[in-house]
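Okay, here's what each chain looks like letter by letter:
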Amino acid sequence: MTTSKPSQSPFIASFPRTRMRRDRRDPWSRRLVAETRLSVDDLIWPVFVQEGQGVATEIASMPGVKRLSIDLLTAAVKEAAGLGIPAVAIFPATPLDKKTPDGEEATNPDNLICRSVRAIKELGLDIGVVCDVALDPYTTHGQDGVIRDGLVANDETVDILCRQSIIQAQAGCDVIAPSDMMDGRIGAIRDALDAEGFQKVRILSYAAKYASAYYGPFRDAVGSKGALGKGDKKNYQMDPRNTDEALREVALDIAEGADMVMVKPGMPYLDIVQRVKETFSMPTYVYQVSGEYAMIKAAAERGWLDGERAMMEALAGFKRAGADGVLTYAAIDAAKALIKGYAY
Ligand code: PBG
């Protein structure tokens, strides 16, 4: 009947009746046929805090990102809320003299993070506060837990993480986000929160977190890099070669009570994002980590990439892969671009 090549689907006519470029011709028509939409509602902004008053310290490996003292943090959070960003995730740069081998400062109800949460919550804004749960900002060795016999001890660390979660919840944290990759921590933290009356506090699990080179600039920002030295986290964070293992990690965290799950890093792991979303249909987030951010910014500084376009394309890619939202250091700029009606 037809002489041309059979079309892919019985519903698609072949060329020349079908010309794919027709729908792409004008901006309005590209907007109309867009299959995924990145909106300000998809953004979570990670922010670094430090001690002091009126101090904003540049982070050399993360152009445009500054570590803020609490007074400047609250101003930054006001801006984020004003732009409609739903949540901020706060990370502490702990002073060296507060770091110990067992990271006791993590469970101090008056630590930098707890004071930051209280200051943000006092603003009374419609913005969620996400707190990282892990010991690396507080340990002298930069590992995410306490070391016994040369290895991060799982169960003892989980007990400390439960206490860390409780003091963060007491400070007013909305979302507890364990990033440590200890086994069984989601269930233990859920039980600990519930026992203290924090049934309403959510858990966003860093469920599939890989042992990645892309965390380098973050470790500069929180000051854990020097501490970690040549050490790595491969005995608790995941092997970059694995996929099925990520699904098992996510399945366990969901069974233990995670409300939301995360894949981290982002761009090298889009297949994981897609599989996790398809398999579990859970609220699924992806962390565009410090190294991903740094690569785009560094190339843009050299004039090798159009920084804004590269960033927006990366963020759209996370949505296309199935993520419900993205943690990105570029959240403020992305929100501004989206509000202006960013055209891809
Ligand atoms: C701490 C933590 C890390 C990141 C988030 N939480 C670093 C690590 O695991 O070493 C990385 C974030 C980034 O690179 O942007 N457990």
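Scroll up to find the structure this text is about.
Residues numbered from 1 in each chain as written. Predicted model: local features only at pLDDT ≥ 70, side-chain atom pairs only at ≥ 80, totals over all residues. Heavy atoms only, no water.

Novice: Sorry if this is basic, but what is going on with the overall build of the chain here?
Specialist: In terms of regular secondary structure, the chain is built from twelve helices and twelve strands. Its C-alpha atoms give the chain a radius of gyration of 21 Å, near enough to 20 Å, the size a compact globule of 344 residues would have. Overall size of the chain, expressed as C-alpha extent along the three principal axes, is 75 × 40 × 40 Å. Out of the 344 residues belonging to the chain, those deemed buried represent 52%. For the chain, contacts bridging at least 24 residues in sequence account for 74% of all contacts bridging at least 6. When the accessible surface of the chain is totalled, it reaches about 16700 Å², and 52% of it is carbon and sulfur. (Helix = DSSP H or I, 4+ residues; strand = E, 2+ residues; numbered from the N terminus. Rg over C-alpha atoms; globule rule 2.2 N^0.38 Å. Buried < 20%, exposed > 50% of the residue type's maximum accessible area, 1.4 Å probe, protein only. Contact = heavy atoms within 4.5 Å. Areas by Shrake-Rupley, 256 points an atom, 1.4 Å probe, with all protein chains shown as cover.)

Novice: How do you make sense of helix H3 (residues 112-122) when you look at a structure like this?
Specialist: Along an α-helix, a turn takes 3.6 residues, which lines up residues three or four apart on a common side. Within H3 the residues assigned to the buried category are Leu112, Ile113, Cys114, Ser116, Val117, Ala119 and Ile120. Buried residues belonging to H3 abut strand S1 (43-50), helix H2 (70-83), strand S4 (87-92), strand S5 (128-133) and helix H4 (154-171). Just downstream of H3 lies Gly124, where phi reads positive at about 65 degrees.

Novice: Can you walk me through the nonpolar core in this structure?
Specialist: Side chains of nonpolar character tend, in soluble globular proteins, to be buried together. Within the largest apolar cluster, 111 residues are counted, with the highest numbers of intra-cluster contacts made by Trp45, Phe48, Val88 and Tyr287. In terms of residue count, H4 provides more of this core than any other element does, eight residues in total. (Core = buried A, V, L, I, M, F, W, Y, C linked by side-chain atoms within 4.5 Å.)

Novice: When you look at the pairing of strand S10 (residues 260-264) in this model, what are you seeing that I'm missing?
Specialist: Residues in a regular strand project their side chains so that they alternate between the two faces of the sheet. Burial analysis of S10 places five of its five residues in the buried class, the great majority of the element. Here S10 shows two buried faces, one formed by Met260, Met262 and Lys264 and the other by Val261 and Val263. Judged from the five bridges that link them, strand S9 (residues 202-209) and S10 form a sheet pairing that is parallel. Across the sheet, the residue bridging to Leu204 is Met260, located in S10. Alignment of S10 against strand S11 (residues 284-287), held across three bridges, turns out to be parallel. Looking at S11, one finds that Val261 is bridged to Thr284. The parallel pair S10 and S11, bridged by helix H9 (residues 270-280), forms a crossover whose chirality is right-handed. (Pairing = 2+ DSSP bridges. Right-handed = clockwise from strand over helix to strand, strands pointing away.)

Novice: Can you walk me through the pattern of salt bridges in this structure?
Specialist: As a working rule, side chains carrying opposite charge can pair if their charged atoms are close by. Taken as a whole and assessed by the stated rule, the structure comprises 17 salt bridges. Note that Arg118 is salt-bridged to Asp110, the shortest N-O span being 2.8 Å. Residue Asp110 is classed as partly exposed on the basis of its relative accessible area of 44%. Residue Lys277 is joined to Asp324 by a salt bridge in which the shortest nitrogen-to-oxygen separation is 2.8 Å. You can see Lys277 sitting in helix H9 and its partner Asp324 sitting in the loop between helix H11 (307-321) and strand S12 (325-327), a full 47 residues away along the chain. The exposure class assigned to Lys277 is partly exposed, which follows from its relative accessible area of 22%. Connected via shared salt-bridge partners are Asp102, Arg148 and Glu156. (Salt bridge = Lys/Arg side-chain N within 4 Å of Asp/Glu carboxyl O.)

Novice: Can you walk me through the packing of H2 against helix H12 (residues 331-339) in this structure?
Specialist: The description of two helices packed together rests on the angle between their axes and the distance between the axes. Look at H2 against H12: their axes get within 10 Å of each other, and the N-to-C directions meet at 30 degrees. Comparing their axes, H12 and H2 come out roughly parallel. The handedness of the crossing between H2 and H12 is left-handed. On the side of H2, the interface is formed by Glu79, Ala80 and Leu83, while H12 contributes Ile332, Ala335, Lys336 and Ile339. Here the contact of H2 with H12 is built from residues that sort into five nonpolar, no polar and two charged. (Axes fitted to C-alpha atoms, helices over the stretch in contact; angles between N-to-C directions. Parallel < 35°, antiparallel > 145°, perpendicular 65-115°, else oblique. Left-handed = near helix turned anticlockwise from the far one by under 90°. Nonpolar A, V, L, I, M, F, W, Y, C, P; charged D, E, K, R; others polar.)

Novice: How should I be thinking about the site of the ligand in this particular structure?
Specialist: Near the ligand, the surroundings consist of 18 residues, among which Lys209, Arg219, Lys264, Ser290 and Tyr329 are the closest. Between the ligand and the protein, one listed contact pairs an oxygen atom with a side-chain N or O atom of Ser290 at 2.7 Å. Contact between the ligand and Tyr329: an oxygen atom at 2.6 Å from a side-chain N or O atom of the residue. Considering the ligand on its own, with 400 Å² of exposed area, one finds that the protein chains cover 100% of that surface. Across the shell around the ligand, the residue classes tally to eight nonpolar, three polar and seven charged. (Near = heavy atom within 4 Å. Polar contact = N/O pair within 3.5 Å; in protein donor to acceptor, adjacent residues only side chain to side chain.)

Novice: Explain the side chain of Ser205 here, please?
Specialist: Examined against the element boundaries, Ser205 turns out to sit in strand S9. Those residues in contact with Ser205, other than ones at most four positions away along the chain, are Pro178, Arg185, Ile186, Asp253, Ala258, Met260, Val261 and Met262.

Novice: Where do I start with a positive patch on the surface in this structure?
Specialist: Where like charges cluster on the molecular surface, the positive patch consists of Arg19, Arg21, Arg22 and Arg24. Its location among the elements puts Arg19 in the segment before helix H1 (27-33). (Patch = residues over 30% accessible without salt bridge, like charges linked within 9 Å, V, L, I, M, F, W, Y side chains within 5 Å. Lys, Arg positive; Asp, Glu negative; His and termini not counted. Charge placed at Lys NZ, Arg CZ, Asp CG, Glu CD.)

Novice: What is the right way to read the state of the cysteines from this model?
Specialist: Disulfides are covalent bonds that link the sulfur atoms of two cysteine residues. Inspection of the entire model under this criterion finds zero disulfides. Residue Cys114 stays outside any disulfide, its sulfur separated by 7.1 Å from that of Cys131, the closest cysteine. When its relative accessible area of 0% is taken as the criterion, Cys114 is described as buried. Free cysteine: Cys131, not disulfide-bonded; nearest cysteine sulfur from Cys173 at 3.5 Å. (Disulfide = S-S within 2.5 Å.)

Novice: Got a minute to help me understand the pairing of S9 in this structure?
Specialist: With seven of its eight residues buried, S9 lies for the most part within the structure. Across two bridges, strand S8 (residues 175-178) lies against S9 in parallel orientation. The partner of Ile176 across the bridge, within S9, is Ile203. Once the chain exits S8 it traverses helix H5 (residues 185-195) before rejoining the sheet at S9, and the crossover so formed is right-handed.

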